[in-house]
Amino acid sequence: MNDPQKLCDVNFFRPRKGYMTGEVAIIAAVLVGWAVANFGFQGVLALLAQSPDGEGILTRLTFLSFPWHFWFTGQFLPLWFIILCVLFNIYIDRHTEQHSRRRDRSHD
Amino acid sequence: MTDANLVPLLIVTAALATFIITGLRARAREAGDYGFGGRYIGRIGGGAAIASNWMSAASFLGMGGLLYLQGYYALAYVIGWTGGYVLLLVLMAGQIRRFGKYTAPDFVGDRYASPGARLISAAISITISVIYCTAQFKGIGMLFGWLFATDYRTGVILGATVAVGYVILSGMLGVARNQQLQYTLLIVSFILPLMALAHKLGYFWVLPQFGYGVAIQDLKREFGINFAAPFASAGLFQWVALCFTLMVGTAGLPHVLSRFYVVPNIRDARWSLVWGLFFIALIYWSAPAYAVFARLLEARSGMAPPPVAAGKMADIIVIKTAVMGGLPSWMIGILAAGAMSAAFFTVAGLLITGAASLSHDIYYRLINPRASEGSKMALAKGAVVVLAAIVLAIALNPPGLIAEITAVAFALAGNTIFPAFLLGIWWSRANRHGVIAGMLTGVLITFSTPLFGGLVPAVAKVFPLTSSALIGAPLVIGVMIVVSLLTPPPPEAVRRFLAEQVHGHMD
């Protein structure tokens, strides 16, 4: 633990004990939500396609008068990104508070 | 010029003059209060500044144009340019701020302790500015061509002259940018005509960005135009590749990264970004509506243009839609003023950043460290004109649509700056050899299609010019890791700073 070489090590996949461990966990959770909702949905859309141009069950359903897939990609995903950012900030704020030596928010 | 365009021209002129006058008044009132980019105006104000800094001709004109041409495929731009902010927030915002370097070359130069890496990243930043600016010049050229009823070439020469004159005049007068005012103009000028169009066409107009679903269905039912077909224009790989490229490009664009220093603390910087993303989304939710209404108006009038003609006017389709919809000329003028402001302010930001990089990162840091402030400033002023001339030369024969040209800048940022920042922040073993090899690989990958695509067709499929970072960015990261591991680690002082100041600040 006192090895100076190791004390200088920073690696996302081997976070240092303490603040960075929790920070990386929050980041990983947000990134999973970011990737699955976006790229995962496009994959599902391709899997369910019944014609070369991608028509399928998700394009026939409607929501708020939009073809469902169009609503999801064009309207929900930007909203989802905002939600992810809000959740990230809430959890990081909380995490920072917990690790702050001082509780007067002067840490950052 | 026609009478119909006189009112829009007057409104555009008045809007730009207003920004100069308010900027001068703000400077007189608040001289001395300015930090990096203006006084602190809270999280919401910071968000408006982020959104205003982001909005360009690509957002205002280009996105609508591509949606008009390619339907669902172009939603990759909407998603790429919003989803990239998630990457930026969670992976970089706090850390680069704690690192404390304002520009991409400064960060790369200091983190990797390498003048060579600084030089390469400065050259890349300048190239990004030039490409990005080319797209803005195309938008400005088309707007001027429309306002003065001239051809594109005359429009772009005239427009570029006025834009560069505006940048120089603003600089000479010391005009302060009021980004909240800019964002207000942008959002009002984009949404108000859309509300009017939705109202005229008989759709839900109160929130037009959420009420155009029926129009998509009408297009399909009445005219057989399937605007929403997911893979009609391109397949899954192309969609994902484009979207991913725009996302990592957003998180690697130099002028976006430097925004985090405007706000006094990290917590406010993070929350400002969320507001910024919301303000950006307000416009991005709306852009597809313009494209759908354009298709509908054309179909109803029975004058849908052939593909080549549609491609030529796509970049100004947002304005044409307002004209086709019969909106009053003052409202079209407001829309044009918003588009012109977005392009002008982006040009100003990019030219000044590019020139500063040339003067500071290359001339002062590498060529003549004893240069006086005066000679640095003179060089920067000259560089603005030279960069603008280069951009104009390219923009005279634009290589693509506005959003496509912009996407190449994103691909370059995503293949070079993004990996350099990502590993620079999250892996202390990354060293100068790794980053230099990685950035050079990234440059090669970005331009591999025009360079080798003719000889090896597979290259164009794997690394499409606008979408090369899906395979490119992971490849560059791989190169950086391998080369770093094969060469000595970076100096201990850098690694200690990273461990203690950037990541260990709470321990």
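Residues numbered from 1 in each chain as written. Chains lettered and ligands numbered in written order. Predicted model: local features only at pLDDT ≥ 70, side-chain atom pairs only at ≥ 80, totals over all residues. Heavy atoms only, no water.

Caption draft 1: Examining the overall build of chain A more closely. Counting secondary structure elements, chain A contains 4 helices and 2 strands. Order of helices (α) and strands (β) in chain A, N terminus to C terminus: α-α-α-β-β-α. Counting all 108 residues of chain A, 46% fall into the buried class. Counting contacts in chain A only where the partners sit at least 6 residues apart, residues at least 24 apart contribute 46% of the total. Accessible surface, chain A: about 5800 Å² in total, of which carbon and sulfur atoms supply 64%. (Helix = DSSP H or I, 4+ residues; strand = E, 2+ residues; numbered from the N terminus. Buried < 20%, exposed > 50% of the residue type's maximum accessible area, 1.4 Å probe, protein only. Contact = heavy atoms within 4.5 Å. Areas by Shrake-Rupley, 256 points an atom, 1.4 Å probe, with all protein chains shown as cover.)

Caption draft 2: Region of the structure containing the overall build of chain B. For chain B, the count of helices and strands is 24 helices and 0 strands. In terms of overall dimensions, chain B has C-alpha extents of about 70 × 55 × 45 Å along its principal axes. Buried positions account for 61% of the 507 residues belonging to chain B. Of the roughly 17600 Å² that chain B leaves accessible, carbon and sulfur atoms contribute 69%. Within chain B, one finds 32 positive and 17 negative side-chain charges whose respective centroids are separated by 2 Å. (Lys, Arg positive; Asp, Glu negative; His and termini not counted. Charge placed at Lys NZ, Arg CZ, Asp CG, Glu CD.)

Caption draft 3: Up close: the confidence of the model for chain B. Of the residues in chain B, 95% have a pLDDT of 70 or more, and the chain-wide mean is 90. Here residues 31–38 of chain B is a poorly scored stretch, pLDDT under 50, and it has 9 contacts once near neighbours within four places are set aside; other chains count. (pLDDT = per-residue confidence, 0-100.)

Caption draft 4: Molecular detail of the UniProt feature "domain: Sodium symporter small subunit" (unreviewed entry) in chain A. UniProt records the feature "domain: Sodium symporter small subunit" (unreviewed entry) at residues 17–100 of chain A, using the numbering of this structure. Strand forms 5% of residues 17–100 of chain A and helix 77%; the C-alpha atoms that close the span are 15 Å apart. (UniProt positions renumbered as here; feature names shortened; annotations may be inferred.)

Caption draft 5: Looking closely at the packing of aromatic side chains. All chains considered together, the criterion is met by 40 aromatic pairs over all chains. On the numbers, 5.4 Å between centres and 80° between planes, the contact of A:Phe12 with A:Phe13 is edge-to-face. An angle of 15° between the planes, with centres 4.2 Å apart, marks the rings of B:Phe107 and B:Phe421 as stacked. Here B:Phe421 lies in helix H19 (residues 417–426) and B:Phe107 lies in helix H5 (residues 104–111), a separation of 314 residues in the sequence. Looking at B:Phe107, the relative accessible area reads 1%, which means it is buried. B:Phe421 gets classed as buried once you look at its relative accessible area, which sits at 3%. (Phe/Tyr/Trp six-rings, centres within 6.5 Å; stacked < 30°, edge-to-face > 60°.)

Caption draft 6: The arrangement of the interface of chain A and chain B in detail. Of the residues lining the interface, 60 residues belong to chain A; the matching set on chain B comes to 59 residues. Summed over both sides, the interface of chain A with chain B buries roughly 5200 Å², with 66% coming from carbon and sulfur. For the pair chain A and chain B, the number of links is 5 salt bridges. Here A:Glu97 makes a salt bridge to B:Arg267, at a shortest N to O gap of 3.4 Å. For the pair chain A and chain B, the number of links is 16 residue pairs in polar contact (both at pLDDT 80 or more). Per-element tally for the side of chain A that touches chain B: the top contributor is helix H4 (residues 68–99) of chain A, with 20 residues. When the residues that make up the side of chain A that touches chain B are grouped by side-chain class, the tally is 30 nonpolar, 19 polar and 11 charged. (Buried area = accessible area lost by both parts, 1.4 Å probe. Salt bridge = Lys/Arg side-chain N within 4 Å of Asp/Glu carboxyl O. Polar contact = N/O pair within 3.5 Å; in protein donor to acceptor, adjacent residues only side chain to side chain. Nonpolar A, V, L, I, M, F, W, Y, C, P; charged D, E, K, R; others polar.)

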